[in-house]
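Chain and residue survey
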Amino acid sequence: MKARTAIVCSVADQGVAALTNILVLVAAARLSTVADFARFSAVYLVFTVLLGVSGAYTGQPLVLLRGESDEVRGACRSSVAFTLLTATALGALLATVCLTLPGATARALMMLGIVLPVVLGQDTMRYAFSTLHLPHLALASDVLRLVCVLGALAVQPYGAPAARLVSVWGLSALPALLLSAALLHRRTAGTTLRLKILLRRGHLGRRFVVEFGVGNATSQLSVLGLGTVGNPLVVGALRGATTLFGPLNVLFTSATGFGPPLLGRLAPERRRVRATAVLAAVLAAAAAAWATALALLPDGIGRHLLGDTWPTAVALLPATGSQYAAMAVGTCGLLALRMLDPRTTLFIQVVFSLAAVAFLTGGYVLGGVPGAAWGLCLGSICKAVATWTRVARLRRRTAVEQAPVTASAVRSGS
């Protein structure tokens, strides 16, 4: 597949996956009472966390592999098998514990445990297809899942309990799982299954899980903390502004999760770094254009999107737009580091995630909600500068190490 077609398929696949998550919540909200939707949302939040951990542990290390050798195909097969086994074990434990607990939320969590291998297994196969340079197969699987989940939820009656909605949502991914398994089996059959390698001490997934936890949990908890000890409106304002940039989150996820197999086609290393820098500029420009488009929206459309939160959210657009432009640069910097030396990203993620919390808190103390938004922006800028500084140092070190080899080759030739 040509690189341009592969990029389109990867971005489209992420868009379909994000659209599925959005429409599932919309359908559940329309079918549920307020109490049942709250239960469904809580269970879906648990799934989102487990999905992020699974992707960080198995998916992200997998897409860093390059080539189409038997070893790479075997790694894809092993990652899928590992996810299915661990999801089955974790799901069985969750279902068993919740079976002994009373309440509708416990029943919904029990159903999540039952369907967990289906939803996590199907997601891991998307990473496998990307690693094998077959993003169009991941797109086909996600389109099938979207059609099945919407069809299944469409026939549910109003007032359906959260447990029923969770089971319908999870089992509707079974056709996509079976399709992906059949397509993946054709390309990985006969390869060696190596599960122990995913449990060894040096597995990159452990570092990426910590990065996921630090990068996501700190920002979420810090905003909630400000809402608890300060003004509760800060949560709604910042979340409302962030919601408007949902499409950019899809692009960022595409870059980090599925960019390495595409950029890995480029050689030498200098071309990959240069292409990543170009991608950073493109995504930053897209963030600026999106922020401008949102600022020009008529007030009526804005209120239709966010309701009463719109006035506060639109006031934060300069800060949030600048933050997302900086996030684009930082995301691509981390992508470059993942390809150069994936063990260098953990320190940056931890340090600058904590720095972002400090900037957020300091900005809120100095300037209220707008100050908090600009604090998040400053944290993203610092993180972007740190990532590309590290990229430059790694490139400089590589050039120095290669210089003696080049000089020796020239002398030998002469």
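Only a predicted model underlies this, so the values are computations on that prediction, with no experimental measurement involved.

**Examining the side chain of Gln122**
Assignment of secondary structure puts Gln122 in helix H4 (residues 104-131). A relative accessible area of 0% places Gln122 in the buried class. In this structure the side chain of Gln122 is engaged in a polar contact, spanning 3.3 Å, whose partner is the side chain of Arg145. Sequence-distant contacts of Gln122, that is, excluding residues within four places in its chain, are made with Ser141, Asp142, Arg145, Ala176 and Leu177.

**Some remarks on the packing of H4 against helix H5 (residues 135-154)**
Two quantities define a packed helix pair, namely the angle between the helix axes and the distance between the axes. Closest axis-to-axis distance for the H4/H5 pair is 7 Å, and the angle between their directions is 155°. Here H4 is positioned roughly antiparallel relative to H5, judged by the angle of their axes. In this structure, the crossing between H4 and H5 has a hand that is left-handed. Residue-level contacts link Val119, Gln122, Arg126 and Phe129 of H4 to Pro135, Leu137, Ala138, Ser141, Asp142 and Arg145 of H5. Here the contact of H4 with H5 is composed, by residue class, of five nonpolar, two polar and three charged.

**Concerning the pattern of salt bridges**
Summed over all chains, the structure comprises five salt bridges. Between Arg338 and Glu211 there is a salt bridge, with the nearest N and O atoms lying 3.0 Å from each other. Pair noted here: Arg338 is in helix H14 (residues 317-340) and Glu211 is in helix H8 (residues 204-229), with a separation of 127 residues, a long-range link. Exposure remark for Arg338: the relative accessible area of 14% places this residue in the buried category.

**Looking at the packing of aromatic side chains**
The final tally for this structure, using the stated rule, is five aromatic pairs. Centroid distance Phe47 to Trp169: 4.8 Å. Interplanar angle 75°. Geometry classified as edge-to-face. One end of the pair, Phe47, is in helix H2 (residues 34-63); the other, Trp169, is in helix H6 (residues 162-171), and 122 residues separate them in sequence. An aromatic cluster of three or more residues is present, and its members are Phe40, Tyr44, Phe47 and Trp169. A cation over a ring is seen here: Arg338 above Phe208, with NZ or CZ 3.8 Å from the ring centre.

What counts as what
- Residues numbered from 1 in each chain as written.
- Predicted model: local features only at pLDDT ≥ 70, side-chain atom pairs only at ≥ 80, totals over all residues.
- Heavy atoms only, no water.
- Helix = DSSP H or I, 4+ residues; strand = E, 2+ residues; numbered from the N terminus.
- Buried < 20%, exposed > 50% of the residue type's maximum accessible area, 1.4 Å probe, protein only.
- Polar contact = N/O pair within 3.5 Å; in protein donor to acceptor, adjacent residues only side chain to side chain.
- Contact = heavy atoms within 4.5 Å.
- Axes fitted to C-alpha atoms, helices over the stretch in contact; angles between N-to-C directions.
- Parallel < 35°, antiparallel > 145°, perpendicular 65-115°, else oblique.
- Left-handed = near helix turned anticlockwise from the far one by under 90°.
- Nonpolar A, V, L, I, M, F, W, Y, C, P; charged D, E, K, R; others polar.
- Salt bridge = Lys/Arg side-chain N within 4 Å of Asp/Glu carboxyl O.
- Phe/Tyr/Trp six-rings, centres within 6.5 Å; stacked < 30°, edge-to-face > 60°.
- Lys NZ or Arg CZ within 6 Å of the ring centre and 35° of its normal.

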